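Overview (structure and organization)
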Amino acid sequence: MNTAPAFYPIGTPGTPWGDSERNQWLSRQVRHRSYESEVVSKIEYLRARFEVEEYGRLEYGDESFPLLAIRSRDWSDDLPVVLVTGGVHGYETSGVHGALEFVDQHAADYAGRVNLLVAPCVSPWAYERIHRWNPNAIDPNRSFRENSPAEESAALLRLVAPIRDRALMHIDLHETTDTDETEFRPALAARDGKPFEPGGIPDGFYLVDDSESPQPEFQQAVIAAVEKVTHIAPADDNNEIIGSPVVARGVIEYPLKQLGLCASITNAPYKTTTEVYPDSPRATPEQCNAAQAVAVCAAIDYALAHQ
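Since the structure is predicted, the reported quantities are computational estimates derived from the model, not experimental observations. (Residues numbered from 1 in each chain as written. Predicted model: local features only at pLDDT ≥ 70, side-chain atom pairs only at ≥ 80, totals over all residues. Heavy atoms only, no water.)

Bringing the side chain of threonine 266 into the picture now. Structurally, threonine 266 can be placed in the loop between helix H8 (256-259) and strand S10 (270-276). Judged by relative accessible area, threonine 266 falls into the buried class, the value being 0%. With sequence-adjacent residues up to four places away left out, threonine 266 is seen in contact with Leu83, Val160, Ile163, Arg164, Ala167, His170 and Lys271. (Helix = DSSP H or I, 4+ residues; strand = E, 2+ residues; numbered from the N terminus. Buried < 20%, exposed > 50% of the residue type's maximum accessible area, 1.4 Å probe, protein only. Contact = heavy atoms within 4.5 Å.)

Next up, the structure:
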């Protein structure tokens, strides 16, 4: 794993960024891949079997990004609702493509049993830049709250509002990468004028439960299914994963709503955030995508069996 820089190259240590620093940061962001060709085209391919809707549009400078969601074609008010989200952090690739793989390969298995609502790429600008933030240097996954400062988050909240109280399960698909330590955490510290405290990156898959309403058996059902596809992250010497106590094998907890995290946007009794480690020498991109898709299936299966 690469070593984090001694200081971030934008701003003055100890001083939060202003407009000048944010503009300097934005000027450094480069488009590396195409949301249109890599994501939208795959969603369009699924249109023959599912309903596809544009639930918003991001306008950043001269760029425009449609925000797309996929729904069950046989939607019924008598069925429970399952929500799948990916790409809240655009650089977390398997979250996006794992969600699409689930829809393509597994969603038909749940026809007539649940209503599926899938938002596979919540942050398309960040997907193209392989970044965590939107162009305003805001993390959408700390912004799921009323009057959100991130349009990506606000648009998803509007989409989900009608089913917020009807959702049975919500799974939010993420990755933890080596660049969290070498780029994104140092940038966060610099942006907020705080010291950067180096940490470690767990090697393997893990889950984040809601500390305010934990569902340990649900989390372990997902872990057991994913373990057949890829390895589970071990606890470190402090019995922690990324600084949080391990409450069960491969599981930590966060106060989801308090932190403004995506997994808090419904009142579903079953909710979780996946974290895959794509930089592991023990995992391929295909395994990472498959792990995300398998996690979705396991989460739905458990929720249906225990509703």
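Still more ground to cover, so stick around.
Relative to the helices and strands, threonine 176 is located in the loop between strand S5 (167-175) and helix H6 (178-192). One polar contact links threonine 176 to tyrosine 206, side chain to side chain, over a distance of 2.7 Å. Separated by 2.9 Å, the side chains of threonine 176 and glutamate 275 make a polar contact. Residues contacting threonine 176, with those up to four places away along its chain left out, are Arg185, Ile201, Pro202, Tyr206, Glu275, Val276, Tyr277 and Pro278. (Polar contact = N/O pair within 3.5 Å; in protein donor to acceptor, adjacent residues only side chain to side chain.)

Spatial strand order, S1-S2-S4-S3-S5-S10-S6-S9: eight strands in an open sheet with mixed pairing. Sheet topology places strand S1 (51-60) and strand S9 (251-254) at the edges, where each strand pairs with a single neighbour. Averaged over all pairs of adjacent strands, the angle between strand axes in this sheet comes to 20 degrees, irrespective of strand direction. One ladder, built from five bridges, connects strand S3 (residues 81-86) with strand S4 (residues 115-119); its direction is parallel. The residue bridging valine 84 from the neighbouring strand is valine 118, located in S4. Along the sheet face, helix H9 (residues 285-305) touches S3, S4, S5 and S10 and points at about 165 degrees away from the line of S5. (Pairing = 2+ DSSP bridges. Axes fitted to C-alpha atoms, helices over the stretch in contact; angles between N-to-C directions.)

This brings us to the nonpolar core. Counting 84 residues, the largest nonpolar core has Tyr55, Phe102, Leu156, Met169 and Ile300 as its most contacted members. The dominant element in this core, judged by the number of residues it contributes, is H9, at 12 residues. Beyond its immediate sequence surroundings of up to four residues, phenylalanine 102 is in contact with Ala107, Tyr110, Leu116, Ala293, Val296, Cys297 and Ile300. (Core = buried A, V, L, I, M, F, W, Y, C linked by side-chain atoms within 4.5 Å.)

All right, on to H6 then. Along its 15 residues, H6 runs 21 Å from first to last C-alpha, staying within 8% of the 21 Å computed at 1.5 Å per residue. A bend of about 35 degrees at phenylalanine 184 is the largest found in H6, and the proline proline 186 appears one to four places after it. Of the surrounding elements, those touching the buried residues of H6 are S5. A positive backbone phi angle near 70 degrees is found at glycine 193, which sits one or two residues after H6. (Expected span 1.5 Å × (residues − 1). Bend = angle between axes of the 7 residues up to and from the residue.)

With that settled, the discussion passes to the pattern of salt bridges. A complete count under the given rule lists 16 salt bridges for this structure. One salt bridge in this structure joins arginine 31 and glutamate 128, with 2.8 Å as the shortest N-O distance. Of this pair, arginine 31 sits in the loop between helix H1 (19-27) and helix H2 (35-46) while glutamate 128 sits in helix H4 (residues 124-129); the two residues are 97 residues apart in sequence, bridging distant segments of the chain. For glutamate 63, the salt bridge goes to arginine 129, with nearest N and O atoms at 2.9 Å. Highlighted residues: glutamate 63 in strand S2 (residues 63-71) and arginine 129 in helix H4, separated in sequence by 66 residues. (Salt bridge = Lys/Arg side-chain N within 4 Å of Asp/Glu carboxyl O.)

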